[in-house]
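# Observations on the model geometry
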Amino acid sequence: MNMTLRWYGPDADPIPLKYIRQIPGVSGIMGLLDKPAGEDWPETEFSALQSKVNEAGLRLEVVESVNVHEDIKLGLPSRDKYIANYISTVRMLARHGVKVIIYNFMPVLDWLRTDLARRIPEDGSCSMYYDEADLEGLGPLELARRNREGSGGFSLSGWEPERMAQLEKTLKQYEGMTADGLRQNYRYFLDAVIPVCEECGVRMACHPDDPAWPIFGLPRIAHSSEDFDRIVALRFSPANALCLCTGSLGSDPKNDLPAIIRRFGHMDRIAAVHVRNVKFLGPRRFRESAHLSKDGSFDMYEIMRAVHEACPDVWIRPDHGRMIWDEKGRPGYGLFDRALGAEYLLGLWEALEKA
Ligand SMILES: [Mn+2]
């Protein structure tokens, strides 16, 4: 298991790499370039990023948010140009020793919360919160505006301004799109990209829908064990893998996280794991909690035991944390609570190793 932390880059992330290096047991970051979906990532920029990370004594072997252009998801004729760019980026990342690329195939909207800084009454910390009832009467445009205001000035990954500017038009284009239609377009993408990944030794890791159900009437196809079965079958290859994100997938209590980890881990289809805990407050209402089992609704020991059994060599990171100790930062991506999360997960791991 390789413990890492997500890091947004020298200009976009307020956390210095040396702080991350000082978290015991953290060996690398999951990093990214902040580029609009569909753009071929410039090699010089990536290589500069990687050098910075390496100079800090950390590795950059997992890249997140190589976003898939909407035209690919929509199956438009222009998709081939964007797929060619994607392939070029895959090859470039492979040349720099990247092993896993995390992406998602969610139409239009990425992850979704209705409050980015909800006060937790018990301890006064803040965390991200979701209540489906708060979406009532609220369109995606209004939600995007709220997110912008609540983000503390940071551009939120998945909610980039240039993406939101196109929102109305994109939503129209999806009218009539079914889950099967979206899957067909997904297959077309994988048929082009996966052979390249096989050739250059990189694995694609599909991140689940967050939350784990369709929103605003848009089809979503990655939020259950059955969905993952279909994704894996779209192109049968170890390079067509998953990023098992417990907080996203687990937002639906029907998803048995340890069972899903075992199922796809034993198939060698889990290339990365995001671990966080969620506290259920009612139907389709939850907040993100500290990583500790007793603070949320998941049994983190059972989750880590499943990882230990089924995919022990995986790259892993604590996912969103709370804002604690008056830290100011990106919603979900402060240093303190994620560092606590990493230590807790590493503690569980050591116990599993020695048991
Ligand atoms: Mn995640």
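To keep things clear, this report deals only with the structure shown in the data block. (Residues numbered from 1 in each chain as written. Predicted model: local features only at pLDDT ≥ 70, side-chain atom pairs only at ≥ 80, totals over all residues.)

The next point concerns the pairing of strand E4 (residues 100-103). Because side chains alternate across E4, one face comprises the buried residues Val100 and Ile102, and the other comprises Ile101 and Tyr103, equally buried. In this structure, strand E3 (residues 59-64) lies alongside E4, joined through three bridges in parallel fashion. Directly across from Glu64, in E4, lies its bridge partner Ile102. Sheet analysis places E4 next to strand E7 (residues 203-206), joined by four bridges and oriented parallel. Bridged to Val100 within E7 is Arg203. (Buried ≥ 20, exposed ≤ 12 C-beta atoms within 10 Å, placed from the backbone. Helix = DSSP H or I, 4+ residues; strand = E, 2+ residues; numbered from the N terminus. Pairing = 2+ DSSP bridges.)

Reading around the circumference, E1-E2-E3-E4-E7-E8-E9-E12 is the order of the eight strands in this closed barrel, with parallel pairing throughout. The average undirected angle you get between the axes of adjacent strands in this sheet is 30 degrees. Two strands pair when backbone bridges link them, and strand E1 (residues 2-6) and strand E12 (residues 315-318) are joined in this way by two bridges, in the parallel orientation. Bridge assignment links Met3 to a residue of E12, and that residue is Ile316. (Axes fitted to C-alpha atoms, helices over the stretch in contact; angles between N-to-C directions.)

Turning to the sheet that holds strand E5 (residues 115-119), a few remarks are in order. Reading across the sheet, the four strands line up as E5-E6-E11-E10 and stay open at both edges, with antiparallel pairing between neighbours. Among the strands making up the open sheet, the edge pair consists of E5 and strand E10 (277-282). Averaged over all neighbouring strand pairs, the angle between strand axes comes to 40 degrees, with direction disregarded. Relative to strand E11 (residues 285-289), strand E6 (residues 126-131) runs antiparallel, the two sharing three bridges. Note on E11: the bridge partner recorded for Tyr129 is Arg287.

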